[in-house]
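Here's the letter readout for the chains.
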Amino acid sequence: MANVTLKNVDKTYPGGVKAVADFNLEIPNGEFVVLVGPSGCGKSTLLRMVAGLEEITAGTIRIGERVVNDVPPKDRDIAMVFQNYALYPHMTVRENMAFGLKLRKFPKQEIESRVREAADILGLGDLLDRRPKALSGGQRQRVAVGRAIVRKPEVFLFDEPLSNLDAKMRTQMRVEISRLHQQIGATMIYVTHDQIEAMTMGERIVVMKDGVVQQVDSPVRMYDRPANRFVAGFIGTPQMNFFNARIRAEGGSLVVEGPGDSRLPVPETQRAALATYRDKPVILGLRPEDIGSAAAEQLANAPRIRAKVEIIEPMGAESYVHFNIGGTPFISRVDAHVTFQIGQVAELAVFIGKAHFFDPQTECRIETVSAH
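Definitions and limits used
- Residues numbered from 1 in each chain as written.
- Predicted model: local features only at pLDDT ≥ 70, side-chain atom pairs only at ≥ 80, totals over all residues.
- Heavy atoms only, no water.
- Helix = DSSP H or I, 4+ residues; strand = E, 2+ residues; numbered from the N terminus.
- Buried < 20%, exposed > 50% of the residue type's maximum accessible area, 1.4 Å probe, protein only.
- Contact = heavy atoms within 4.5 Å.
- Areas by Shrake-Rupley, 256 points an atom, 1.4 Å probe, with all protein chains shown as cover.
- Polar contact = N/O pair within 3.5 Å; in protein donor to acceptor, adjacent residues only side chain to side chain.
- Core = buried A, V, L, I, M, F, W, Y, C linked by side-chain atoms within 4.5 Å.
- Disulfide = S-S within 2.5 Å.

## A short note on the overall build of the protein chain
Helix and strand counts for the protein chain stand at nine helices and 20 strands. Principal axes of the C-alpha set define a box for the protein chain whose edges measure 80 × 45 × 35 Å. Looking at the protein chain residue by residue over its 372 residues, the buried ones come to 50%. For the protein chain, the share of sequence-separated contacts (at least 6 apart) that also reach a separation of at least 24 residues comes to 65%. Carbon and sulfur atoms make up 49% of the accessible area of the protein chain, which totals about 17500 Å².

## Concerning the environment of Glu54
Inspection of the secondary structure assignment puts Glu54 in the loop between α1 (43–51) and β4 (58–63). Once the C-alpha coordinates of Glu54 and Gly125 are considered, the two residues, 71 residues apart in sequence, prove to be 35 Å apart. For Glu54, the residues in contact, after removing those within four places along its chain, are Lys11, Tyr13, Thr45, Arg48 and Met49. Within the local environment of Glu54, its side chain forms a polar contact with the side chain of Tyr13, the two groups lying 3.2 Å apart.

## A short note on the nonpolar core
In terms of nonpolar packing, the biggest core is built from 47 residues, with Met97, Phe158, Ile177, Tyr190 and Val207 touching the most fellow members. Counting 30 residues, the second largest nonpolar core, distinct from the first, contains Ile247, Leu286, Ile291 and Ala346.

## What to know about the state of the cysteines
Summed over the entire model, instances satisfying the criterion amount to zero disulfides. Left without a disulfide partner, Cys41 is nearest to the cysteine sulfur of Cys364, which lies 18 Å away.

The following block contains the structure:
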């Protein structure tokens, strides 16, 4: 296993199209890092540069102590799992998993031992003599992962490996890949556009936009303290609600003047940071779970707003309720037993202590004393 270091890595295509800009990241030995962002943000390009499938325009990539900028993919000691499985249809599961080792002239006994070990880890023992067409999508993906495991590489690279699976199988494979990481302790870099995969799998998450890193952090910290509006809106389901607001002085304190003439108190822990925004606009961010029924016990003493119910989405144990206040739509995530009626003007409690504030010009987080 090995650490991976990317320093000032750039990728510019002919015509001046910049796919990755000044990317810096240190991945310690054995860490599971997830690169996440919308389509076209540069995450797959970056993974392919680590693999050696794309040349870098500038910067340095190290695997362990070795600079690999000019090292061919086959000599980088990495294994890559692709979105489309990339299995040979005429070979059995055993032959697919063994193929790379045969090319490297491994002894037959060593190949069989490694294939059996990987099959046991992934639950493929009964499928070794089947061909890919006789397997489900999830089984094919496990074979693709198994083919990587038998290599015993220093670094595993995953390029959106679950995109072709249905929702239930994606959930199962997320757990299996996380369990695999715990078992073998390998360095893993995982690319996805699905923020749920990122949050549930990564020890650290790298959020990218337009080839630029927006934030690198643990899942919990990224959720609680997003660096900017983009990260705040990308991480979380449903996404964070944003309101145009203004900070006002009132009775020796500060209030947030929000949509629909709402006035919400600024928590004491946030006053110092927001004092410089007095009489200035800010972007107020509230996660759906922090706006709830006024009857909710944990929000009994919270400030109130009034908003009109537009749509109700039952989700089982909870519901997503779409509201409108002063022409601004937003979503609340509430217990399914809390009843609202479409068209009703409801009183809602706001957990203002969980609020996020962003500068409307830079869209960066306005830092506060609160650790949320």
